[in-house]
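Residues per chain, in single letters:
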Amino acid sequence: EAGVTQFPSHSVIEKGQTVTLRCDPISGHDNLYWYRRVMGKEIKFLLHFVKESKQDESGMPNNRFLAERTGGTYSTLKVQPAELEDSGVYFCASSLNTGDASTDTQYFGPGTRLTVL
Amino acid sequence: GESVGLHLPTLSVQEGDNSIINCAYSNSASDYFIWYKQESGKGPQFIIDIRSNMDKRQGQRVTVLLNKTVKHLSLQIAATQPGDSAVYFCAENHWRDDKIIFGKGTRLHILP
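In this report, the structure presented in the accompanying data block is examined. On a predicted model such as this, the values are computed, not experimentally measured, just so you know. (Residues numbered from 1 in each chain as written. Chains lettered and ligands numbered in written order. Predicted model: local features only at pLDDT ≥ 70, side-chain atom pairs only at ≥ 80, totals over all residues. Heavy atoms only, no water.)

**Brief notes about the state of the cysteines**
The final tally for this structure, using the stated rule, is two disulfides over all chains. Here Cys23 of chain A connects covalently by a disulfide to Cys92 of chain A, the sulfurs 1.8 Å from one another. Every disulfide takes its handedness from the sign of the S-S torsion; for Cys23 of chain A and Cys92 of chain A that torsion is -65°, giving left-handed. Remark: Cys92 of chain A occurs in strand β9 (residues 88-95) and Cys23 of chain A occurs in strand β3 (residues 19-24); sequence separation between them is 69 residues. The side chain of Cys23 of chain B participates in a disulfide bridge whose partner is Cys90 of chain B; the two sulfur atoms lie 1.8 Å from each other. Its S-S torsion of about 55° marks the bond between Cys23 of chain B and Cys90 of chain B as right-handed, since a negative value means left-handed. Taken together, the positions of Cys23 of chain B in strand β3 (residues 19-25) and Cys90 of chain B in strand β9 (residues 86-94) put the pair 67 residues apart, joining distant regions of the chain. What makes Cys23 of chain B buried here is its relative accessible area of 1%. (Disulfide = S-S within 2.5 Å. Helix = DSSP H or I, 4+ residues; strand = E, 2+ residues; numbered from the N terminus. Buried < 20%, exposed > 50% of the residue type's maximum accessible area, 1.4 Å probe, protein only.)

**Digging into the nonpolar core**
Core analysis: the largest hydrophobic core is formed by 21 residues, its most contacted members being Trp34, Leu46, Leu47, Met60, Leu77 and Tyr90 of chain A. For this core, the secondary structure elements donating two or more residues are β3, β4 (31-37), β5 (44-50), β7 (65-68), β8 (75-79), β9 and β11 (112-116) of chain A. Those residues in contact with Tyr90 of chain A that lie beyond four places of it in its chain are Gln6, Leu21, Tyr35, Arg36, Leu46, Phe65, Leu77, Gly111, Thr112 and Leu114 of chain A. Of all hydrophobic cores here, the second largest spans 20 residues; its members include Cys23, Tyr25, Ile50 and Leu73 of chain B. (Core = buried A, V, L, I, M, F, W, Y, C linked by side-chain atoms within 4.5 Å. Contact = heavy atoms within 4.5 Å.)

See the structure below:
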């Protein structure tokens, strides 16, 4: 069974440009999460989809970040315009949706390393 | 506020010895705790978890201990192997809130 996949693995852009990250969750997983780790900091939650609906977007840093999950399958995270402080590794995770966090283990993708110059 | 932190940023262990990675948390309402392992170039990989109604759980070569009195979590790895080299994160979760709160991570070095 394929795991969570993310594209691209690396992205280098200049400040002010736009970047779109993609996440393909494990098939059948209704829950999809975005997290990020900036240099020297812990991994921080960004937002949570249940199917195509945003369940919790309390971790989104500002309105330059837009996440979508049309059709409830893959998700995209767009940063527009990118700033220097957006550099970091963006992780996607997915899980089942049984309603019990202890059984809905979150499986993480390899991450996208974003560098904003 | 909520916080999950780690006592040491790096840990060096002789191959074959046991490793103990510690973690402190501050949210007494947290009821589910997870340990993740992250190898270079990969995402966090689930190792083992424990609910707040337990104080110990064992897996294959790994044991997680939970002390709710002092809000302390530890991961024990038996007979540490070179493949155990990675960054280990403790994380917490509350059943009403799906997001995981991660600690900063401990890098485990295996000495030959």
